[in-house]
Structures are given as C-alpha cells and as structure tokens.
Amino acid sequence: MQNYEESVSFLRTWGPFQRKIFVVLCLACVPCGYNILSVIFLLASPPHHCDIPANSNLSQEWIHASIPVKVAGQLTRSSCSRYELDLVRNLSTMGASPNWMHNQSTQQGSRPEVLSTLRQEDCKDGWTYSTEYFQSTVVTEFDLVCSEQWKQPLTSLVYFLGGLSGCFVSGQISDWFGRKPVLFGSIAILSVFSSAVAFAPSWPVFTVLFFMLGLGQIACYIVVFVLGSEILVGSSRVLFCSLGQPFVYVFSMMLLPGTAYLVRSWRHLSLTMALPGLACIPLWWLVPESPRWLHSRGHLPEAERLLRSAALENQVEAPTVIFLPPKAERAGSQKAESVSFLGLLKTANIRHVTMKLWLIWFSMSICYFGLSFSMSTLYGNPFLNYFLLTAVELPALFASWLAARSFPRRLSFISFSLLGALALLFIQVTMHSHPDLTMFLVLLGKFGVLAGNGLVYTYTGELFPTVIRNTAMSSCAMFSRVGSSVSPYLLEMAGFNELLPWIIVGVLSLLSIFLCIFLPETFRQPLPDTIEQMPVTQW
C-alpha cells in the first residue's frame, strides 16, 4: 500500500513552501487565541456596594456609614446590603453623627452599636461599582451580582458549551468538505459575533450571542492544527504542532490583557476582538487545502496540482506520477464508511483509543481551565495578573516541544503530568504554613499540566488516520469543552474545603497518566491514512 509521506518526500521537510505554510497557519491561529478567555474581562466583577441615591439628603459621612462592614479575615464593606435608608434618614434628621471611633477595641472603622444593630435591606436602588480597573463590564451593566451572581458562571458555561457544539459540527464538516472552508468559517464566526456581542441590549441576548461566539473558538484552533499536521511532515510538523502554533496562540492570549487595559469598556473591547479575524481575510489566498485530505478523499488531480505548485516554490522536481491510481480508488472507497462520527467507535481498536483520549482531554481541560480561573483571582492589577498567568505557558510549551522532538510521546506526557499532579497534591501540606512554597507548587503544577496538554495535541493527531482525523480531534476537543464548562464551578467546591479544587485537579492528572499507559506509541512513526493503518492499542 502506497505511503503518503513517502510519496511527498520529494518536497523535503523544510523549504520556502513549508515556511510559508508555517507562518500563515500561525497567523490564522491568532483570532482564536485572542478570544479564548475573554470572559475574564467581559465578565469581570469589580468591587461594589449598594447605591445611595443622590436625593436621599444624606451627608457624605452618613452615605459612607450606610453600608455595613463585614469581617471575613479583613474588614470589607458589604456588597449586597445596606442599612434601611429610612432609619438612617431618621438618625440624620435627629442630628446624630456616625461615630467611627465608638468601639476602641477595633479602631478600624467599625460602626457604633446603635448603627450596627439597625435592620438591613437589599440594594433597592442598584449598585455603585468601582471604576479603578474597568469603566464597564457585562456584570456592571446588567447588574449580575448578589442575587443575580449565579449568571456569571452560567455565562462562562454557555460560552464553553458553544465551543463544544462547534467541535461536534466542525469536525465532521471538515472531514466531508475540507479543512480550509471550516477554518475561515470559524474565523468569520469569531469576527461577526464579537461585533454582535457589543450591541447586546440585555443579558439573555448577550448569552445567546456569546454561545455563537464560542462556536468558532476551538473549532478554529483544531482545524489549524490539523492543516499543519497534514501539510507539514517530519521535524517541521513537530515544530509547528508542539511549539509554533501553541506559541502564537499563547502570544495572542497575552495581547488581550494589554488591549483590555487600554479599552476599559466591555462593548468597545468586544468590537476590538473582531479585528484579528478581519485581518485574516487575505490569508484565504495563501492557505491551501490539505493535499493529504484531498488524497484520502480520492481527489488526486487537485492534490497533485497543489504538490507540484509546492515543488516549484521549493525549487525541486516532482515525479511524473505522485500518487498511484489504485491507492486513490481504495482511499475513495474507504472515505464513505470511515468519515462519520460513528467511525470513531466502529472497530475495537479505534474505539479503545477514542474513549481513552476523550477522558484524557476532559481531565486535562478541567485541570487547565480550573487553574486559570483560580489564579485569575489573585490580588492586584487584573491586567498584569492575567498577563503573567498566560506568560507561564511559554516555558511549558518550549519544554513540550523539546520532548516531542526527542522523546516518546507516552513517556513525555506521563512525566509532565506526573510532575503537575504531585506538585498540586503537595499543596495540601504547604497551603497555610509556607505561602511562597505554595505559589511555587501552583506554578510548577501549571507548568506540568500545560506541557502535558501541549503534548496531547500532537499525540492525538498522530494516533488517528487522515480519513477521520479532524472529526477525531474535534470530538476530543468537544470533551475538552465539557471539562472547561465544568471548570468555572470548581471554585465553588472551595466552600466545602479550600484544598478540594487542588485535590481534584491533581487526581484528574493522575487519571490521565493511567489512561495514557495503555495507548500505543507514535514517536517517529508515519501518520496513518486509513483506520487499518492505526497503531494497535495495548488494552
């Protein structure tokens, strides 16, 4: 049976054609990286307290005193209640004055006993929000706080469910109709709905549009990955999949906090998020369809035309016949029965590989996004925090690339994931006694999770055959989005035990390690084109 990579070996692994593909696909990845965690800034919840109307005829001293003080490790003003305004007005009319120094034992601004015993009420006149970091957010405009606070994680959930739906649909469309239409369709969705979100008049409308925005986010990343893994071969493929695309993806993520720092209004920020997609329009004439996909679908004339064009760019001579006709016929007969989603469960071998990878992607996604959401709550400037949080990914990507080019996939994934799991589980010992060591363990855990996450993309792409690769990658990404949908609620478990989120993340990393042990090795093996060529799983 004719081997695709042997047939295209005349192109070599690195030349002008490969460099062009490397660059344009990395650029096509920018819109999805720029949008991935936009929820952190669009749904930011600034400090807030009940609003005291200007017509309440209260002095500034009484307005300040109308907000109760809560003690939760430190003195903080209540976010969701105030003293009954009528009672406060009565005290003000009687000529009373708030006494901030009444209780000498707490000398930090506590109310006198007569004030602290007043009945409290909800924020009937709305809220006043801090504008230190944000001029406006979805939370401040639609008042998603206090009794409406449940809408914040639900909005994140809807966004990630959009990504899940996009993965399910885009993978099959890509395997049926090609990689290129799905890539630019996903980019168009990102630009169109980023713009539409900016004009949402209410929270329900915003949520629907945010779901649509999520449809294109991960679908864009997956199809770029598949295109790169199919067009490039050998060391150039490893470089693109393990370092090039992830590096540009993370770099585009790092652009968002800088943009949010300059654009403090969530509506203007949403419009700005549409710009990278618009800038990708010229790439339509630079990104080719995957010759490997065309070959697997039996479109030999188109595949050969693209490869001969690539040969001209690389200044090498293409053979007279690149693909043998019998191979094309077998590929054409194979495509109809293997390209559907159910093809992932058809034989025992592909079923075992698929189900293990679904669980691995689910677990790794909870770990990745759970850590991201947890660390984004650090005190200080949110723009700087998010920038540093994202920058941690760069050394992890570099380590992942070094491992991918030199070491077996299973050994590398297990090593990084084990490092991350042990670091996160040791947090139980250091949480209260050694805060600096705890932060080091958190960053070390994130490093291990991220490096393992980078490897699992390469590993998955090498395990599945061309005829169903995009469907397989999208199905894995779909389970990844199930994990990311759950991750915003991971912080809620800290209410039962503050160590519980870290324990869950560590245990899920261990689960991924266990499942990976039984997957076949793909290091330095040619990509399979048919289901029959897939490596055999060990269990």
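Residues numbered from 1 in each chain as written. Predicted model: local features only at pLDDT ≥ 70, side-chain atom pairs only at ≥ 80, totals over all residues. Heavy atoms only, no water.

1. A closer look at the overall build of the protein chain
1) Next: Assigned secondary structure in the protein chain consists of 25 helices and six strands.
2) Next: The 539 residues of the protein chain split such that 57% are buried.
3) Next: Taking as baseline every contact in the protein chain between residues at least 6 positions apart, the subset at least 24 positions apart corresponds to 82%.
4) Next: Carbon together with sulfur atoms contributes 65% to the accessible area of the protein chain, which is approximately 22700 Å² in total. (Helix = DSSP H or I, 4+ residues; strand = E, 2+ residues; numbered from the N terminus. Buried < 20%, exposed > 50% of the residue type's maximum accessible area, 1.4 Å probe, protein only. Contact = heavy atoms within 4.5 Å. Areas by Shrake-Rupley, 256 points an atom, 1.4 Å probe, with all protein chains shown as cover.)

2. Some thoughts on the state of the cysteines
1) Next: Here the structure, examined in full by the defined rule, presents two disulfides.
2) Next: Each disulfide pairs two cysteine sulfurs, and for cysteine 80 the partner residue is cysteine 146, the sulfurs being separated by 2.0 Å. Judged by the torsion about the S-S bond (-95°), the cysteine 80/cysteine 146 disulfide is left-handed. Taken together, the residues span a long stretch of sequence, with cysteine 80 in the loop between strand 3 (75–77) and strand 4 (82–83) and cysteine 146 in the loop between helix 8 (138–142) and helix 9 (151–177) at a distance of 66 residues.
3) Next: Under the relative-accessibility criterion, cysteine 146 is labelled partly exposed at 23%.
4) Next: Here the protein chain pairs its bonded cysteines, counted in sequence order, in the arrangement 1-3, 2-4.
5) Next: Residue cysteine 29 stays outside any disulfide, its sulfur separated by 3.8 Å from that of cysteine 32, the closest cysteine.
6) Next: Cysteine cysteine 32 is unpaired, with the sulfur of cysteine 220 as its nearest cysteine sulfur at 3.6 Å. (Disulfide = S-S within 2.5 Å.)

3. Concerning the packing of helix 2 (residues 16–28) against helix 16 (residues 300–314)
1) Next: Orientation of helix 2 relative to helix 16, taken along the N-to-C sense of each, is 110°, at an axis distance of 7 Å. In this view, helix 2 runs roughly perpendicular relative to helix 16, as classed from their interaxial angle. Counting all contacts with helix 2, which are made through Pro16, Phe17, Gln18 and Lys20, the residues of helix 16 involved are Ala310, Glu313 and Asn314.
2) Next: The residue inventory of the contact of helix 2 with helix 16, partitioned by class, reads three nonpolar, two polar and two charged. (Axes fitted to C-alpha atoms, helices over the stretch in contact; angles between N-to-C directions. Parallel < 35°, antiparallel > 145°, perpendicular 65-115°, else oblique. Nonpolar A, V, L, I, M, F, W, Y, C, P; charged D, E, K, R; others polar.)

4. A few points about the pattern of salt bridges
1) Next: Taken as a whole, this structure holds 15 salt bridges when the rule is applied.
2) Next: Put simply, glutamate 141 and arginine 267 hold a salt bridge, and the shortest N to O gap is 2.5 Å. Taken together, the residues glutamate 141 in helix 8 and arginine 267 in helix 13 (residues 266–272) connect sequence positions 126 residues apart.
3) Next: The class for glutamate 141 is partly exposed, based on a relative accessible area of 36%.
4) Next: A relative accessible area of 21% places arginine 267 in the partly exposed class.
5) Next: Among the salt bridges present, the one from glutamate 230 reaches arginine 469, with a minimum N-O distance of 3.0 Å. Taken together, the positions of glutamate 230 in helix 11 (residues 203–231) and arginine 469 in helix 24 (residues 469–486) put the pair 239 residues apart, joining distant regions of the chain.
6) Next: Salt bridges linked by common partners bring Arg82, Glu121, Lys124 and Asp125 together as one network. (Salt bridge = Lys/Arg side-chain N within 4 Å of Asp/Glu carboxyl O.)

5. Details of the nonpolar core
1) Next: Core analysis: the biggest nonpolar cluster contains 141 residues, and Leu183, Phe206, Leu357, Ile360, Trp361, Tyr457 and Phe464 have the highest contact counts within it.
2) Next: If one sorts the elements of this core by residue count, helix 11 sits on top with 15 residues.
3) Next: Apart from the residues lying within four places of it in its own chain, the contact partners of tryptophan 361 are Ile222, Val456, Tyr457, Thr460, Met473, Cys476, Ala477 and Ser480.
4) Next: Grouped together as the second largest cluster of nonpolar side chains are 12 residues, Trp62, Ile67, Leu118 and Cys123 included. (Core = buried A, V, L, I, M, F, W, Y, C linked by side-chain atoms within 4.5 Å.)

6. What to know about the packing of helix 12 (residues 234–262) against helix 19 (residues 382–391)
1) Next: Packing of helix 12 against helix 19 brings their axes to within 9 Å, and their N-to-C directions diverge by 175°. Between helix 12 and helix 19, the interaxial angle falls into the category roughly antiparallel. Facing helix 12, whose interface residues are Val250, Met253, Met254, Pro257, Ala260 and Tyr261, helix 19 presents Phe383, Tyr386, Phe387, Thr390 and Ala391.
2) Next: Taken together, the residues of the contact of helix 12 with helix 19 sort by class into 10 nonpolar, one polar and no charged.

7. Some remarks on the confidence of the model for the protein chain
1) Next: Counting all residues, the mean pLDDT for the protein chain is 81, and 87% of those residues have values of 70 or more.
2) Next: The model gives residues 100–113 a pLDDT under 50, and that stretch makes 20 contacts with residues more than four places away or in other chains.
3) Next: Counting interchain partners and residues more than four positions distant, the pLDDT-below-50 stretch residues 331–338 has 14 contacts. (pLDDT = per-residue confidence, 0-100.)

8. A short note on the environment of histidine 352
1) Next: Its location among the elements puts histidine 352 in helix 18 (residues 348–375).
2) Next: Since its relative accessible area comes to 34%, histidine 352 is described here as partly exposed.
3) Next: For the pair histidine 352 and phenylalanine 518, spaced 166 residues apart in the sequence, the C-alpha separation amounts to 9.3 Å.

9. Overview of the side chain of threonine 137
1) Next: One can find threonine 137 in the loop between strand 6 (127–129) and helix 8.
2) Next: Residue class for threonine 137 comes out buried when judged on its relative accessible area of 0%.
3) Next: Polar side-chain contacts of threonine 137 include one of 2.9 Å to the backbone oxygen of alanine 44.
4) Next: A distance of 3.2 Å separates a polar atom in the side chain of threonine 137 from the backbone nitrogen of valine 139.
5) Next: Apart from the residues lying within four places of it in its own chain, the contact partners of threonine 137 are Phe41, Leu42, Ala44, Pro46 and Trp266. (Polar contact = N/O pair within 3.5 Å; in protein donor to acceptor, adjacent residues only side chain to side chain.)

10. Some thoughts on the packing of aromatic side chains
Both the distance between ring centres and the angle between the ring planes are used here to describe each pair of aromatic rings.
1) Next: Counted by the stated rule, this structure contains 21 aromatic pairs.
2) Next: For the pair phenylalanine 22 and phenylalanine 240, a centre-to-centre distance of 5.6 Å together with 80° between the ring planes defines the contact as edge-to-face. Residue phenylalanine 22 is located in helix 2, and its partner phenylalanine 240 is located in helix 12; the two are separated by 218 residues in the primary sequence.
3) Next: Classification of phenylalanine 22 as buried rests on a relative accessible area of 15%.
4) Next: One aromatic cluster in this structure is built from Phe142, Tyr159, Phe160, Phe206, Phe210 and Trp266.
5) Next: Here the guanidinium or amino end of lysine 180 rests over the ring plane of tryptophan 284, the centre of that ring lying 4.3 Å away.
6) Next: Sitting above the plane of the tyrosine 261 ring, arginine 264 keeps its charged end 4.6 Å from the centroid. (Phe/Tyr/Trp six-rings, centres within 6.5 Å; stacked < 30°, edge-to-face > 60°. Lys NZ or Arg CZ within 6 Å of the ring centre and 35° of its normal.)

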